[in-house]
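Structural description and commentary
Each chain, written out:
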Amino acid sequence: MLRCCRSAERIGSFHRPSYRYLHPVPDTLTQRLKAEAARLGFVAIGVTRDIDDPLPGTRLAEWLGEGAHGSMEWMAAKAAWRHSPAALWPAVRSVVALGMSYAPPEDPMRLAHSPETARISVYAQGQDYHDVVKKALKALARWIVAEGGGALKVFVDTAPVMEKPLAMAAGLGWQGKHTNLVSRAHGSWLLLGCIFTELPLDPDPASPDSCGSCQACQDICPTGAFPAPYRIDARRCISYLTIEHHGPIPRELRAGIGNHVYGCDDCLSVCPWNKFAASAHANLAFAPRAELAAPHVADMLALDDAAFRTVFAGSPIKRIGRDLLVRNAAIVAGNSGEAALVPRLEALLADPAPVVRGAAVWALARLGALDAARSAGETDPEVLAEWAAA
Ligand code: B12
Ligand code: SF4
Ligand code: SF4
């Protein structure tokens, strides 16, 4: 993206007088905006004026119609706004799509066969990207208002905006068969944000799909979450199961979770385009914290509320709370084959959270170490169902 910017700048300065005259906003504003965005830490920057393309909204409606969003009711609740930028904010004229790199220093798949390690997805090993990206977006928004005026809105992740199709339209990359945006320069490792503005900025060409005949991401998914290329059933995705899904994880998907304790990067990690991604381009805020790069599952099983709050302060993991993380850790322990984890799991049979007790029952049974006598006193229907199934 930045290479394009620089060549455009040279052309822009050559033609500048007539170009300024023809356009309501001089192209130099768009170029200077890109330079400012790069200064603020964005490595992929593009503009689209395609603010009412109906295709993403149609696909979203199909996806919701299939129930693929599971219990993420917030995806359906504001679906009409998600359809397009114009549907959310009729005054919008341009969307600035921005990507920050979180390319990991080591291949996340190196821990796939390390059962005692609880794998945390790459984006969650450092600072919370919502805070980091939003701070940079707000700084860029202030710059845009000061330099070009116009009302604007900034979004990262949680707003009713479909960020991936917008990033594709703005030339940051393409939606790969794993459904996430893939960049030629940064592979699967971009976190996205965008700014809607009333200004008529100069658009970039959309990126072409460059997946070709590759299907590495489709083949690696441990839980079969891709019913077809470019389509995801979130209900089967480990990221959904370990982060978004409250309550017991469906039994038939627990073994596939393997050692993923929070999120999953398997489909992203195997993408061949990652070979061009350099961790040197990653924002330093996303550098893995030593204790989160390869934590031992035994430590996760031992977390109480106070320890959870201390360890995960400033991390996106704090959003799911201690009970869901320990639920996930119990599933990982059950998949580990490690008899040494049995005492920690047995302690969780008395945990105040039913979702933790239920997961501990399943894990102990899977390790062949469940003592039926320990079910005495259990009254929660879901935990009793786990005992019955075990
Ligand atoms: C809901 C959500 C999830 C859900 C659903 C995932 C999904 N793919 O939608 C769950 C919880 C599973 C999830 C998981 C993850 N997420 Co998420 N998630 C979102 C969120 C909030 C909305 C995405 C959305 O609109 N989904 C709805 C569906 C309909 O849209 P879609 O993904 O674009 O899928 C459609 C296309 O594939 C299209 N389609 C169909 N056929 C075809 C054919 C072609 C040729 C094309 C191009 C498209 C196409 O139709 C699909 C529907 O069928 C966005 C933030 C945002 N506001 O955009 C982050 C976001 C997509 N997530 C992100 C990340 C990082 C992740 C994880 C990697 C986190 C992790 N490590 O655990 C995983 C990746 C899992 C995966 N393979 O997608 C990033 C992705 C960055 C990027 N480079 O793309 C985003 C953009 C957040 C951000 N601001 O950076 N996520
Ligand atoms: S994040 Fe993991 S579980 Fe989800 S689709 Fe990708 S490989 Fe499958
Ligand atoms: S792994 Fe292959 S198919 Fe999947 S997104 Fe990357 S290039 Fe496309």
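What counts and how
- Residues numbered from 1 in each chain as written.
- Chains lettered and ligands numbered in written order.
- Predicted model: local features only at pLDDT ≥ 70, side-chain atom pairs only at ≥ 80, totals over all residues.
- Helix = DSSP H or I, 4+ residues; strand = E, 2+ residues; numbered from the N terminus.
- Rg over C-alpha atoms; globule rule 2.2 N^0.38 Å.
- Buried ≥ 20, exposed ≤ 12 C-beta atoms within 10 Å, placed from the backbone.
- Contact = placed C-beta atoms within 7 Å.
- Expected span 1.5 Å × (residues − 1).
- Arc of directions from axis to C-beta.
- Pairing = 2+ DSSP bridges.
- Axes fitted to C-alpha atoms, helices over the stretch in contact; angles between N-to-C directions.
- Parallel < 35°, antiparallel > 145°, perpendicular 65-115°, else oblique.
- Nonpolar A, V, L, I, M, F, W, Y, C, P; charged D, E, K, R; others polar.
- Near = placed C-beta within 6 Å.
- Domains from an automatic or database assignment.
- Core = buried A, V, L, I, M, F, W, Y, C linked by C-beta atoms within 7 Å.

For the chain, the count of helices and strands is 19 helices and eight strands. Scaling as 2.2 N^0.38, a compact globule of 390 residues should have a C-alpha radius of gyration of about 21 Å, and the chain matches this with 23 Å. Across its three principal axes, the chain shows a C-alpha extent of roughly 85 × 45 × 40 Å. Looking at the chain as a whole, 44% of its 390 residues are labelled buried. For the chain, long-range pairs separated by at least 24 residues make up 76% of all intrachain contacts whose partners lie at least 6 apart in sequence.

Here the focus is helix 7 (residues 129–148). Spanning 20 residues, helix 7 covers 27 Å between terminal C-alpha atoms, matching the ideal 28 Å at 1.5 Å per step. Along helix 7, the residues classified as buried are Y129, V132, V133, A136, L137, L140 and I144. Projected down its long axis, helix 7 carries its buried residues within an arc of 120 degrees, all on one side. Set apart from the buried face of helix 7 by more than 90 degrees, the exposed residues are R142 and A146. G149 sits one or two positions beyond helix 7 and adopts a positive phi of about 75 degrees.

Turning our attention to the pairing of strand 2 (residues 94–101). Most of strand 2 is tucked away: eight of the eight residues are buried. Along strand 2, one buried face is formed by S94, V96, L98 and M100 and the opposite face, lined by V95, A97, G99 and S101, is buried too. Bridging between strand 1 (residues 44–48) and strand 2 involves five bridges; their strand directions are antiparallel. By the bridge assignment, I45 is partnered in strand 2 with L98. Pairing analysis gives eight bridges linking strand 2 to strand 7 (residues 190–197), with the strands arranged antiparallel. Bridge pairing in strand 7 places V95 opposite F196.

Turning our attention to the packing of helix 16 (residues 321–336) against helix 18 (residues 354–366). Where helix 16 contacts helix 18, the two axes come as close as 8 Å, and the packing angle between them is 5 degrees. One way to sum up the angle between helix 16 and helix 18 is to call them roughly parallel. Across from D323, V326, R327, A330, I331, A333 and G334 in helix 16, the residues of helix 18 making contact are V355, V356, A359, A360, W362, A363 and R366. Residues of the contact of helix 16 with helix 18, tallied by class, amount to ten nonpolar, one polar and three charged.

Turning to the site of ligand 3, a few remarks are in order. Around ligand 3, 13 residues are found, and the nearest of them are G176, C211, C214, C217 and C271. For the shell around ligand 3, a count of residues per class yields nine nonpolar, three polar and one charged.

Let us look at the site of ligand 1. In the vicinity of ligand 1 there are 37 residues, among which R59, S121, Y230, S239 and G263 approach most closely. Elements with a contribution of two residues or more to the shell around ligand 1: helix 3 (55–65), helix 8 (163–169), strand 7, helix 10 (238–244) and helix 12 (266–269). The dominant element in the shell around ligand 1, judged by the number of residues it contributes, is helix 3, at four residues.

Further remarks concern the sheet that holds strand 4 (residues 152–155). The sheet built from four strands is open, its strands ordered 1-2-7-4 with antiparallel pairing. Of all the strands in the sheet, just strand 1 and strand 4 have a single pairing partner and so form its edges. Strand-to-strand twist of the sheet, defined as the mean angle between neighbouring strand axes without regard to direction, takes the value 15 degrees. Examined bridge by bridge, strand 4 and strand 7 share four bridges and lie antiparallel to one another. Within strand 7, the position partnered with K153 by the bridge is F196. The strands that helix 7 touches are strand 2, strand 4 and strand 7; relative to strand 7, the one it contacts most, it runs at about 30 degrees.

What follows is about the domain arrangement of the chain. You'll often see interface size given as the accessible area lost when the parts meet. One can read the domain layout of the chain as domain 1 (2–104 + 126–197) and domain 2 (296–390). The C-alpha centroid of domain 2 is placed 40 Å from the C-alpha centroid of domain 1.

A separate point is the nonpolar core. Grouped together as the largest cluster of nonpolar side chains are 56 residues, with contacts concentrated most on V96, A97, L98, C194 and I195. By residue number, the principal contributor to this core is helix 7, which donates seven residues. Here V96 is in contact with L33, V47, C194, I195, T197 and L201, once residues within four sequence places are set aside. Grouped together as the second largest cluster of nonpolar side chains are 46 residues, I232, A329, L341 and V356 included.

As a further point, take the packing of helix 18 against helix 19 (residues 381–389). Describing two packed helices takes the angle between their axes plus the distance from one axis to the other. Between helix 18 and helix 19, the shortest axis-to-axis distance is 9 Å and the interhelical angle comes to 0 degrees. Of the possible angle classes, the one that applies to helix 18 and helix 19 is roughly parallel. Residues P354, R357, G358, V361 and W362 of helix 18 lie in contact with helix 19, whose contacting residues are E382, V383, E386 and W387. For the contact of helix 18 with helix 19, the class distribution of residues is five nonpolar, one polar and three charged.

Under the 1.5 Å per step criterion, the end-to-end length of helix 18 is 18 Å for 13 residues, consistent within 8% with the ideal 18 Å. Counting buried residues in helix 18 gives twelve out of 13 residues, a clear majority hidden from the surface. Every buried residue of helix 18 is accounted for by P354, V355, V356, R357, G358, A359, A360, V361, W362, A363, L364 and R366. Those residues of helix 18 hidden inside the fold are in contact with helix 11 (251–257), helix 16, helix 17 (342–348) and helix 19. Just past helix 18, the residue G368 takes up positive phi, approximately 70 degrees.

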